[in-house]
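The primary structure of each chain is shown beneath.
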Amino acid sequence: GELIAFLRMDGASPAASLIAQHKAYTAARDRKDTRLMGEFMLNFNRPPAFWGDLGITGFGGGVTIRQNNKVVGGIGVSGLSEEEDERIAYAAIKKV
């Protein structure tokens, strides 16, 4: 769940940049896409503070990177809708 690389588009807001990092961190750390984490948080009344980790988020757009069915990292995209962020994250993984 620790940051290895980070790319930011010119003009991207500082808030979106930090949220993207939190999405990648959450996906890697909990080995689950952040959209699913957000659904869990809502369904079981578990706010992000439940994890005791300020980097955990439930916003969609963070997805796991898997190799041989094992989570080896996470990627986070932020700045558009959660659905678009997630779609772009999956597209980025396919390009690597």
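Before any of the text, the structure's been laid out above.
This report concerns the structure included in the present document. (Residues numbered from 1 in each chain as written. Predicted model: local features only at pLDDT ≥ 70, side-chain atom pairs only at ≥ 80, totals over all residues. Heavy atoms only, no water.)

## A look at the pattern of salt bridges
Thinking step 1. Evaluation of the coordinates by the stated rule reveals five salt bridges.
Thinking step 2. The salt bridge involving glutamate 39 is made with arginine 35; its shortest N-O contact spans 3.4 Å. Of this pair, glutamate 39 and arginine 35 both sit in helix H2 (residues 34-43), four residues apart, which is roughly one turn of the helix.
Thinking step 3. When its relative accessible area of 36% is taken as the criterion, glutamate 39 is described as partly exposed.
Thinking step 4. The exposure class assigned to arginine 35 is partly exposed, which follows from its relative accessible area of 34%.
Thinking step 5. With its nearest N and O atoms 3.0 Å apart, the salt bridge here joins arginine 87 to glutamate 84. Here arginine 87 pairs with glutamate 84, and both are found in helix H3 (residues 82-95), just three residues apart, close to one helical turn.
Thinking step 6. Salt bridges sharing partners connect three or more residues here, namely Arg35, Glu39 and Glu86. (Salt bridge = Lys/Arg side-chain N within 4 Å of Asp/Glu carboxyl O. Helix = DSSP H or I, 4+ residues; strand = E, 2+ residues; numbered from the N terminus. Buried < 20%, exposed > 50% of the residue type's maximum accessible area, 1.4 Å probe, protein only.)

Everything listed here is a matter of coordinates, which is why it stays silent on function.
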